[in-house]
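Examining the three-dimensional arrangement
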Amino acid sequence: MPKSEVKTSLLDNMIGVGDSVLLEPLTEDTFLENLKNRFDHSEIYTYIGSVVISVNPYRHLPVYTPEKVEEYRNRNFYELSPHIYALADEAYRSLRDQDKDQCILITGESGAGKTEASKLVMSYVAAVCGKGAEVNQVKEQLLQSNPVLEAFGNAKTMRNDNSSRFGKYMDIEFDFKGDPLGGVISNYLLEKSRVVKQPRGERNFHIFYQLLSGGSEDLLKQLKLEREFNQYNYLGLDSAKVNGVDDAANFRTVKNAMQIVGFMDDEVELVLEVVAAVLKLGNIEFKPESRVNGLDESRIQDKNELKEICELLGQDQAVLERAFSFRTVEAKQEKVSTTLNVAQAYYARDALAKNLYNRLFTWLVNRINESIKAQSKVRKKVMGVLDIYGFEIFENNSFEQFIINYCNEKLQQIFIELTLKEEQEEYIKEGIEWTHIEYFNNAIICELIENNTNGILAMLDEECLRPGTVTDETFLEKLNQVCAVHERFESRMSKSSRFLNDTTLPHNCFRIQHYAGKVMYHVEGFVDKNNDLLYRDLSQAMWKTNHVLVKSLFPEGNPAKMSLKRPPTAGSQFKASVATLMKNLQTKNPNYIRCIKPNDQKAPHIFAEALVRHQVRYLGLMENVRVRRAGYAFKQPYESCLERYKMLCSQTWPHWRQGSRDGVKVLLTELQIPPEEFSYGRSKIFIRNPRTLFELEDLRKRRLEDLATLIQKIYRGWKCRTNFLLMKKSQIIISAWTKRHFQRKKYLQLKSVTLIIQSYIRGWKARKLLRELKHQKRCEESATTIAAYWRGFQVRREYRKFFRANAGKKIYEFTIQRIMQKYFLEMKKKLPSMSPTEKTWPPRPYFFLDDTHTELKRIFHLWRCKKYRDQFTEQKKAIFEEKLEASELFKDKKALYTNSVQQPFQGDYLEISKNPKYQKLNGAVEEKIVLADVVNKINRANGKVAPRIFLLTQSNFILADQKSGQIKSTIPVMDITSVSVSKQTDGLFAVHLKEGSTAAAKGDFLFTSDRLIEIITKLYRTIFFKTNQKINVEINNEFLVQFNQDKVCVKFIQGAQKNGNLPTCKRKNNRLLEVTVP
Ligand SMILES: Nc1ncnc2c1ncn2[C@@H]1O[C@H](COP(=O)(O)OP(=O)(O)OP(=O)(O)O)[C@@H](O)[C@H]1O
Ligand SMILES: [Mg+2]
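Overview of the structure. (Residues numbered from 1 in each chain as written. Chains lettered and ligands numbered in written order. Predicted model: local features only at pLDDT ≥ 70, side-chain atom pairs only at ≥ 80, totals over all residues. Heavy atoms only, no water.)

Quick word on the coordination of the magnesium ion (ligand 2)
- Distances from the magnesium ion (ligand 2) to its protein donors, Thr-115 (OG1) and Ser-164 (OG), fall within 1.8 to 2.1 Å. With Thr-115 in helix α4 (residues 114-128) and Ser-164 in strand β5 (residues 163-164), the pair connects residues that are 49 residues apart, well separated along the chain. For the pair formed by Thr-115 and Ser-164, the shared burial category is buried. (Donors = N, O, S within 2.8 Å, 3.2 Å for Na, K, Ca; no water. Helix = DSSP H or I, 4+ residues; strand = E, 2+ residues; numbered from the N terminus. Buried < 20%, exposed > 50% of the residue type's maximum accessible area, 1.4 Å probe, protein only.)

Overview of the sheet that holds strand β18 (residues 678-680)
- As summarised here, the arrangement of the 3 strands in space is β17-β19-β18, forming an open sheet in which the pairing is antiparallel. Unpaired on one side and paired on the other, β17 (634-637) and β18 mark the two borders of the sheet. Each neighbouring strand pair of the sheet contributes to a mean axis angle of 15 degrees, computed without reference to strand direction.
- Pairing of β17 with strand β19 (residues 684-687), which is carried by 4 bridges, proceeds in the antiparallel orientation. (Pairing = 2+ DSSP bridges. Axes fitted to C-alpha atoms, helices over the stretch in contact; angles between N-to-C directions.)

Regarding the pairing of strand β30 (residues 1064-1069)
- Pairing of β30 with strand β31 (residues 1072-1077) involves 5 bridges; the strand directions are antiparallel. Across the sheet, residue Asn-1069 finds its bridge partner in β31, namely Leu-1072.

A few points about the site of ligand 1
- Taken together, 19 residues sit near ligand 1, with Asn-56, Ser-110, Lys-114, Thr-115 and Ser-163 positioned nearest.
- Residue Ser-110 places a side-chain N or O atom 2.6 Å away from an oxygen atom belonging to ligand 1.
- At 2.7 Å from an oxygen atom of ligand 1 is found a main-chain nitrogen or oxygen belonging to Lys-114.
- Breaking the shell around ligand 1 down by element, the ones donating at least two residues are α4 and β5.
- Residue contributions to the shell around ligand 1 peak at 3 residues, all from α4.
- Partitioning the shell around ligand 1 into residue classes produces 5 nonpolar, 10 polar and 4 charged. (Near = heavy atom within 4 Å. Polar contact = N/O pair within 3.5 Å; in protein donor to acceptor, adjacent residues only side chain to side chain. Nonpolar A, V, L, I, M, F, W, Y, C, P; charged D, E, K, R; others polar.)

Re the pattern of salt bridges
- Evaluated as defined, the whole model comprises 57 salt bridges.
- Taking the shortest distance from any N to any O, the salt bridge between Lys-478 and Glu-462 comes out at 2.7 Å. One end of the pair, Lys-478, is in helix α16 (residues 472-483); the other, Glu-462, is in helix α15 (residues 456-465), and 16 residues separate them in sequence.
- In this structure Lys-478 comes out as buried when scored by relative accessible area, which is 16%.
- Of the residues examined, Glu-462 reaches a relative accessible area of 41% and is grouped as partly exposed.
- Residue Asp-600 is joined to Lys-597 by a salt bridge in which the shortest nitrogen-to-oxygen separation is 3.7 Å.
- Asp-600 gets classed as partly exposed once you look at its relative accessible area, which sits at 46%.
- Residues joined by salt bridges that share partners form a network here, namely Glu-28, Asp-29, Glu-609, Arg-613 and Arg-617. (Salt bridge = Lys/Arg side-chain N within 4 Å of Asp/Glu carboxyl O.)

Observations regarding a positive patch on the surface
- Taken together, Arg-762, Lys-765, Arg-767, Lys-768 and Arg-771 make up a surface patch of like positive charges.
- Within the secondary structure, Lys-765 sits in helix α25 (residues 690-800).
- Take Lys-765: its relative accessible area is 52%, and that puts it in the exposed class. (Patch = residues over 30% accessible without salt bridge, like charges linked within 9 Å, V, L, I, M, F, W, Y side chains within 5 Å. Areas by Shrake-Rupley, 256 points an atom, 1.4 Å probe, with all protein chains shown as cover. Lys, Arg positive; Asp, Glu negative; His and termini not counted. Charge placed at Lys NZ, Arg CZ, Asp CG, Glu CD.)

A closer look at the packing of helix α5 (residues 133-153) against helix α8 (residues 247-261)
- The N-to-C vectors of α5 and α8 enclose an angle of 140 degrees; their axes lie 8 Å apart at closest approach. Classified by the interaxial angle, the pair formed by α5 and α8 is oblique. In this structure, α5 crosses over α8, and the sense of that crossing is left-handed. Contacts between α5 and α8 involve Glu-140, Gln-141, Gln-144, Ser-145, Pro-147, Val-148 and Ala-151 from the former and Val-254, Ala-257, Met-258, Ile-260 and Val-261 from the latter.
- Here the residues of the contact of α5 with α8 sort into 8 nonpolar, 3 polar and 1 charged. (Parallel < 35°, antiparallel > 145°, perpendicular 65-115°, else oblique. Left-handed = near helix turned anticlockwise from the far one by under 90°. Contact = heavy atoms within 4.5 Å.)

Looking at the pairing of strand β7 (residues 180-188)
- The pairing of strand β6 (residues 167-174) with β7 spans 8 bridges and is classified as antiparallel. Within β7, the residue paired with Lys-168 across the bridge is Asn-187.
- Connecting β6 to the next strand, β7, in antiparallel fashion are 5 residues, including Gly-178 with a positive phi near 95 degrees.

As C-alpha cells, this is what we get:
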C-alpha cells in the first residue's frame, strides 16, 4: 500500500492516550485506566516515550498482517498508533542508517508475552530487511530456530502454557546494507530439574509429548518407546494434554524446522535417541538389597528398560549397571569405590537424565549457531533480542526461581540505569534545569544476591566448596548469619527478630523482597543444584557409549582428560554469564518492550487491575513516565547533531569551522525552531518534543534527497565523462588493433603470395637447372654409352670372326652366295630364245628363289623386247605403229582383222608415178601419197559396184576412175566425220561426211575393199595427224548412212556369195540397203 494512503496516525481514532507521556492528569489510576481502556479496545500497545508497553491479549489479534508490516515500514516512531512494529522499525533503521548496534530488551513476568514479542520483532525485521535467495535462507533459518528451541526448552507451567524454561539472547547480524548475515544464540540456564520432576499441573519439556504423540509407529519402535504418556515416570500425568496444543502437529513443525535450520537426518535421529533414552531412564527403578557387611545396596528391579537404553545408546549394559550401583571417589591418586543405596541410585539416575538433557540442549543451541552463523567476515551490525524467562513467584520456589528472578533483577537494573538514573544524572551533568524524580533502585537487591563477598550466590558457593557435612540447612544458617541485617532479606532464623513470629515464613525458607515482589525460596536442593554433580562413573559410562552424540556430550568422561578440579558451580556460571550479557547490552542502544500480564487465568478480555497495578509498580513504569514528561525526548552530542543536520543550514554546510555547539545554535536559529523546544546542555543538545525531532528529520530527508540529486548529477556527469574518455580511448585502441590486424593480415597474405611466387620461380629455376643438368648428364652418359657401344661394336666386329657363334651366319651367307652363283650360271645356259613371243622359261631350281626367278623372267622378257625393238628402222616402226593402231581399232571387234595381221601394209599399191596411165592423176596430186589402191564403190541407188582408185594424201582423199585415172572427187579429210564397218569378214565400209560440206552433196560413200583394215587405219591416222581429232569408227552389223536427203540403213545379212569374197548389195527401198556377206 503506498504510504500516502495510510490513514492511521498516533492521533487518529486514538483510544485513550497512545503515549502515556501525554496523560493528563498523570496518576497511577489514570495510567491504569488508560491501559485498561486501550486493552478493552484491543489496543494492547501503549508507549512511554520510546518504551513499548505490551499487554498480553491472550487471543489472536489481526494486527500482525503483512499489510501492517508495510504500514509501519520506514515510518517515524510517533507517526502511527503504538505497535511493537514501530519499535522494531525504529531499531532496525537506526541500526541500518545510523550504524548503531541495537538491543531489544523484553521484560515481564512469566506469561506476559515476551517470547511472542521477540518473535514478532524478529519476523518484522525479517520482513523489512533485504531480500534475495541467500538472504531469505538466512532469515528462514533464524526464524526456524525458534520452534526447535521452544520444543526442547519450553514447557507448560502454571503461568504459561508455553513457558520458556531457559534464557535466550540472540544476536542477529547485518551487513552495511541491512541484509541479515546470520546470528548467534546464547542460552542461559535451562531449568533441567523439570526433566525429572514437574510441579503439579505442569508438564515436562514439550519435546517428550511431541515425540510420543507425533512420532510414527516405526520411529517409536526404533526408539523403543510406547505411545502412552503414562508409561513414563518422568511425564507428569495430571496435565499431559494442554488445551489448544496439538503436540503431534508441533512435532512435524519441529522436524521440519530442524531440517530448514540444517540438521542432517542422522543428527535428528541421534537427538531423538537421546530424548528417548532420557525418557526411559525415568523408568529404571531400584530396590534395596542388604549385604552381609551391613552396607545398603541397591539393585535394578527390571533390567529390561536398562537393556533397551543400552541398546539405544550403544552401551555395554554392565557398565551402566555398575555406574548405577557404585560410586568411585578419587582422592590423592587413590580410588575408593562405594556402593550406592537406593536413594543414591535414584539420585544418580535423575542426575544422569538431567545432565543428558541439559547437555543435549546446549548441543542443540551450538548446532543451530553453527548453521546460522554469518559466513562472511565483513564488519557486522548487531541487533540483540533478549527473551529471558520472566519473573516468577511459585508456591514452592527453588534454586531455579532464585536464578531466574536474579536475572530479572539485573534486567530491571539495566533499565533503571539507562532510563531513570542515567537520564536524570545526565540532565544535571549537562547543566539542564532539573527537579529530581524519585524511583526505586534495585541495585541493593542485586548486591544482596551477587556480591562477591557476602552475596547469597557467594555464600552458596562457599558452602558447596566447604569440607565437612554440607546441607541446605547449613547454607540457610550461613545466610542467616551474613544477610540477616539486609533490609531485603527475610528469614525466621535471621538474627533480626522481625520475622520470628512470621508464620508465613517456614523455617527452611528465606524470602527476598524483589523489585517485583516478595518471593519465598525453599532452601531444599540449593546446594545440590548449585553443585550440579554428576558421578564420575556415570560420565565415564556415557563417554564409553558408541553413540556419537552422547559420547561428545560427556567429554570429561574421557579418562585421558579427567581432571580432579571441581567444575564451576551453576550459580557462579550463571552469574558470570549474566554479567557478560549485561556488559554486552550496555554497549548497544537499548529498546524496551515491557510486557504485562493482564490476568492469571491466561484468558482474553480479563484485565485484573490489581495484578496489572502490581506489575506497573514493580516495573517502575510511573517513574518512567514522569522522567520522560519532565525531560527531553531526545538528546544528542553537539558533534553528532551538527554532523547529522548541518546540511539544513547554509552556514554550516558543508563545513563548520568553529565549535560544534555554536554550529548547532546557528543551525537551529536559521531553522527558526522555537527556543522552548530545546535546551543547550554542556556537550549535548536536548530536544523536548519528538515532533521537533521529526520535523528536523523530515527536513533532513528532503535536503538529503536534494543533495543526493546533486551528487547523482555530479556523479553522472563524472561517470559519463569518464565513460566517454574510456570509450574514446577504447575506440582508439580498438581501431589501432583493428588496423594492425588488417595490415598484418594483408602483410601475411602478401608474404605468403610472395613466398608462393618465389617458391614457384625458384622451383622453375631449379627444375630448369635440373633438366639441364640431367640433359648434360644424359649427354655425357649417352656419349659414354655410344662410345662404349661403338668400341664394343668395333671390338666385336674385329673379334666376331673369332667367334664360333658367327660361323653359322657366315656359312649361311657363303652357301647362299654359292647357290646364287650357281643359279645365275645355270640360268645363263638355260635361257630361252630371244623372240619376244617366246613363252617358255626354265623351271625354278630353289623355292626361296621364287620371287627372284619371276622377276628375272620379267626382266629378261623386257630386255628381249628391247633388243627386238632396237632392230627396227623408222619405216618399219611406222608400219608397226600402223599395225598397232589397226589392232586397237579392230582386234576382237571385226572378224576380218585376223586376216589383215599377216598382210604388210604397203600403202601405195598402184605406184601412180610409175604408171604412165595415171600421169595426169599423179600430176594432180601435190602431196605425198599415203595410200593408193583400187576399191569398189557401191552405187548409192542400186548397190552395184564400180572400181575406183582410192588415193589418200595427207589432207585429202581422192576418188578417180580406175581406167583413166580421172579424178572423180576430192574430199578434204577434215570433212570426214566417221567411218562405219560391219563385224563380219566382209570389206564394206562407209565414209560419213560432214553435213553441209561440198563433198557431202551426194551423201556418204560406201566402198568395199579387201584391204579395209589398212585403208581405215591409214584414214584414221591421217585425219588424226591433220586435225588432231580421232574420228569415230563404228563397228556394227547395222548402221545409218546419209544418201542425198535420205537416211538409209545398211544392214548385213549372211548368205551365199556369188562373186567370191565380195559382198552383194541390194537397195531394198529408200531406207534400207541390204548387204549379204559370207
Ligand atoms: N501478542 C500476543 N497476541 C496473542 N497472544 C499472545 C501475545 N503475546 C502472548 N500471547 C499469549 O500468551 C502466551 C504466553 O506468552 P509468552 O510465551 O510469550 O510469555 P513469556 O513472557 O515468554 O513467558 P515465559 O517467561 O514463561 O516464557 C502465549 O503462548 C500466547 O498464547
Ligand atoms: Mg517465554
